[in-house]
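Residue strings, one per chain:
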Amino acid sequence: PVRFGPGLVALLAAELKSKSCSEVRRLYVAKGFNKNDAPLHEINGDHLKICPRGYTCCSEEMEEKYSLQSKDDFKSVVTEQCNHLQAVFASRYKKFDEFFKELLENAEKSLNDMFVKTYGRLYMQNSELFKDLFVELKRYYVMGNVNLEEMLNDFWARLLERMFRLVNSQYHFTDEYLECVSKYTEQLKPFGDVPRKLKLQVTRAFVAARTFAQGLAVARDVVSKVSVVNPTAQCTHALLKMIYCSHCRGLVTVKPCYNYCSNIMRGCLANQGDLDFEWNNFIDAMLMVAERLEGPFNIESVMDPIDVKISDAIMNMQENSVQVSQKVFQGCGPPKPLPAGRISRSISESAFSARFRPYHPEERPTTAAGTSLDRLVTDVKEKLKQAKKFWSSLPSNVCNDERMAAGNGNEDDCWNGKGKSRYLFAVTGNGLANQGNNPEVQVDTDKPDILILRQIMALRVMTSKMKNAYNGNDVDFFDISDESSGEGSGSGCEYQQCPSEFEYNATDHSGKSANEKADSAGARAAAQPYLLTVFCILFLFMQMDWR
């Protein structure tokens, strides 16, 4: 009998084992594929289009199905990476939105309760004036199409008309006369310095609050849209070669080399990498506004005592009513006295001096949404810092997933696209422009992704809005949905129809005095030629499209 040495027996056993495709077949069937596609032993691989040829465990059908599977695996891992970040922004937006809306509800309820106790029937007869104030504040937060400065000026003018009539109840005033009275609001300052201070505080706080909430919503929407990846044919080929071509060689336990995976991910996610610059600018701007929310633009510290501030203004008007009335009579002319019977009835109905007294509530409303602005901002600042450089880190984070690549330290026993060996190519940079020399994925560097460009535009516009809010400036938005992320702020519109919120015109709300009004008017006039130029350019583009 012929005897074989132990070394030769082991070699023959290894040869037989290498030619068996049983483990490849088992894993293939485990993914839900037809076992009849998979050969039991190695076959000639001339039919393979992407995977290395030679003897193989993959049929033509297997390569096709592995190609589709690699595409799904890639999309799944990218979505997982993005879903966590998207959920962070979605949950923080929801919390901020609930907080701001509840804060307004609490402030309105507190003012109503305080004024009913303080002014009684006088307040209830004029309560619509204060109700309108909160309706407009809520409308601004939800819709943004309210000029806060003009709205607050109108509130004080209407309040002056009501109070002037009350403190001079022995006279009859026509609507024209009261209109004349309202013109003296700035000059006489019947409410002291409260209107000026409150206008500055409310405007800055509301602009910052609304902008910050919008920023969270825009971040949520950008991540949601970009997480839906559609790999190109070249990317899909590279993914197949990386993830499943090793199976065709029978190397089912050998994972792709880390740098090999990095090059493929940077090629497949080249457009996403281009988001990073604007994304980081956006995150920085969000952090700047967060600092304002913690400090001088804190909407909680503005709205919580708004009832007391308005009451102080009313008390100031009462104390200066004689001087104010005399100056108004000089400017608007002497009013007509009421008949004697009506005078006494009017005075008894108003009971003005007896009813107006300071009120200091012992209890403030419960904290909005069960938290405070400081706690919300502290939490979201930490999340924002963690979100920086997310898009440039995405390829590495995908390759850090053990399903996608071997560890960074396992450089010799890994799949390099051809066999089990070290990967020799250098890792390319992030972004579309760096993919010209990518050794693994052919990328058309002259054809940026339109969806990504829209997200870049959305981030850029939102960053500009953040910078305006940081400086205390309001921003009016109009619909340019073609250049936006295609989504609204998600704030849940309760008034009319939600507009898209991207194009903006900045309006300074740094608290102008009466003497600065003329300068403001001049600035608006100076802006008209600019607007005319913009409309002319738009008209030319439209003509080009028509042709």
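Residues numbered from 1 in each chain as written. Predicted model: local features only at pLDDT ≥ 70, side-chain atom pairs only at ≥ 80, totals over all residues. Heavy atoms only, no water.

(A) Representation of the nonpolar core. Judged by nonpolar contacts, the single largest core of 140 residues is most densely connected at Phe130, Leu137, Phe212, Met265, Trp279, Met303 and Ile310. The dominant element in this core, judged by the number of residues it contributes, is helix α3 (residues 60-119), at 19 residues. The contacts of Met265, once residues within four sequence positions are left out, are Phe74, Leu239, Met242, Pro395, Val398, Cys399 and Met404. (Core = buried A, V, L, I, M, F, W, Y, C linked by side-chain atoms within 4.5 Å. Buried < 20%, exposed > 50% of the residue type's maximum accessible area, 1.4 Å probe, protein only. Helix = DSSP H or I, 4+ residues; strand = E, 2+ residues; numbered from the N terminus. Contact = heavy atoms within 4.5 Å.)

(B) Structural view of the state of the cysteines. All told, the structure shown has seven disulfides when counted by the stated rule. What pairs with Cys51 in a disulfide is Cys245, and their sulfur atoms sit 1.9 Å apart. Looking down the S-S bond of the Cys51 and Cys245 bridge, the torsion is -80 degrees, so its handedness is left-handed. Taken as a pair, Cys51 in the loop between β1 (43-44) and β2 (55-56) and Cys245 in helix α11 (residues 245-248) lie far apart in primary sequence, 194 residues in all. When sorted by exposure, Cys51 lands in the same class as Cys245, which is buried. (Disulfide = S-S within 2.5 Å.)

(C) Inspection of helix α20 (residues 373-387) at higher detail. Taking 1.5 Å per residue as the helical rise, α20 with its 15 residues ought to reach 21 Å, and the 21 Å between its terminal C-alpha atoms agrees with that figure. What α20 keeps buried is the set Leu373, Leu376, Val377, Val380, Lys381, Leu384 and Ala387. The arc that holds every buried residue of α20, seen down its axis, measures 130 degrees, which confines them to one face. Exposed side of α20, more than 90 degrees from the buried face: Arg375 and Gln386 are the residues found there. Elements in contact with the buried residues of α20: α3, α9 (194-226), α14 (276-294), α15 (299-303) and α21 (390-399). Following α20 by one or two positions, Lys389 has its phi on the positive side, about 60 degrees. (Expected span 1.5 Å × (residues − 1). Arc of directions from axis to C-beta.)

(D) A look at unusual backbone geometry. Of note, Lys189 is a non-glycine position whose phi angle comes to about 50 degrees, a positive value. For Lys189, a relative accessible area of 44% translates into the label partly exposed. Its identity is not glycine, yet Lys389 carries a phi of approximately 60 degrees, on the positive side. Considering the arrangement of structural elements, one finds Lys389 in the loop between α20 and α21.

(E) Spotlight on the packing of aromatic side chains. Summed over all chains, the structure comprises 26 aromatic pairs. On the numbers, 5.3 Å between centres and 40 degrees between planes, the contact of Phe173 with Tyr177 is tilted. Of the two residues, Phe173 and Tyr177, neither departs from the other in class, the shared state being buried. Ring plane angle 85 degrees and centroid distance 5.9 Å describe the contact between Trp279 and Trp391, whose orientation is recorded as edge-to-face. You can see Trp279 sitting in helix α14 and its partner Trp391 sitting in helix α21, a full 112 residues away along the chain. Each member of the pair, Trp279 together with Trp391, is buried. (Phe/Tyr/Trp six-rings, centres within 6.5 Å; stacked < 30°, edge-to-face > 60°.)

(F) A look at the packing of helix α6 (residues 148-167) against helix α16 (residues 306-319). With their axes 11 Å apart at the nearest point, α6 and α16 run at an angle of 40 degrees to one another. Here α6 is positioned oblique relative to α16, judged by the angle of their axes. The element α6 and its partner α16 pack so that their crossing is right-handed. Of the residues in α16, those touching α6 at Phe155, Trp156, Leu159, Leu160, Met163, Phe164 and Val167 are Ile310, Ala313, Ile314, Met317 and Gln318. Split by residue class, the contact of α6 with α16 holds eleven nonpolar, one polar and no charged. (Axes fitted to C-alpha atoms, helices over the stretch in contact; angles between N-to-C directions. Parallel < 35°, antiparallel > 145°, perpendicular 65-115°, else oblique. Left-handed = near helix turned anticlockwise from the far one by under 90°. Nonpolar A, V, L, I, M, F, W, Y, C, P; charged D, E, K, R; others polar.)

(G) Structural detail: the packing of α3 against helix α10 (residues 233-243). Orientation of α3 relative to α10, taken along the N-to-C sense of each, is 100 degrees, at an axis distance of 8 Å. The angle between the axes of α3 and α10 places the two elements in the roughly perpendicular class. Residues Glu63, Tyr66, Ser67, Ser70, Lys71, Asp73 and Phe74 of α3 pack against Thr236, Leu239, Leu240 and Ile243 of α10. Residue composition of the contact of α3 with α10, by class: five nonpolar, three polar and three charged.

(H) Region of interest: the pattern of salt bridges. Within this structure, the stated rule accounts for 18 salt bridges. The salt bridge partner of Arg403 is Glu80, with a shortest N-O separation of 2.8 Å. Taken together, the residues span a long stretch of sequence, with Arg403 in the loop between α21 and α22 (450-470) and Glu80 in helix α3 at a distance of 323 residues. Residue Glu80 is classed as partly exposed on the basis of its relative accessible area of 40%. Connected through shared salt-bridge partners, Glu80, Asp401 and Arg403 make up one network. (Salt bridge = Lys/Arg side-chain N within 4 Å of Asp/Glu carboxyl O.)

(I) Representation of the side chain of Asn168. For Asn168, the position within the fold is in the loop between α6 and β3 (171-172). For Asn168, a relative accessible area of 5% corresponds to the buried category. Once residues lying within four places of it in the same chain are set aside, the contact partners of Asn168 are Phe173, Ser325 and Phe329.

(J) Spotlight on α16. Its 14 residues give α16 an end-to-end C-alpha distance of 20 Å, which sits within 8% of 20 Å, the value for a rise of 1.5 Å per residue. Taken together, the buried positions of α16 are occupied by Ile306, Asp307, Ile310, Ser311, Ala313, Ile314, Met315, Met317 and Gln318.

(K) Molecular detail of the confidence of the model for the protein chain. For the protein chain, the mean per-residue pLDDT works out to 81, and 78% of the residues sit at or above 70. In the model, residues 343-366 has pLDDT below 50 throughout and makes 46 contacts with residues more than four positions away in sequence or in other chains. Confidence over residues 477-547 falls short of pLDDT 50; this stretch has 104 contacts with residues more than four positions distant or in other chains. (pLDDT = per-residue confidence, 0-100.)

(L) Representation of the environment of Asp284 within the structure. Note on placement: Asp284 falls in helix α14. For Asp284, a relative accessible area of 32% translates into the label partly exposed. In sequence terms Asp284 and Met466 are 182 residues apart; their C-alpha atoms lie 9.5 Å from each other.

(M) Inspection of the environment of Met466 at higher detail. Relative to the helices and strands, Met466 resides in helix α22. Exposure remark for Met466: the relative accessible area of 0% places this residue in the buried category. Sequence-wise, Met466 and Met286 are 180 residues apart; in three dimensions their C-alpha atoms are separated by 6.5 Å. Leave out the neighbours within four places in its chain, and Met466 touches Thr211, Phe212, Gly215, Ala285, Met286 and Val289.

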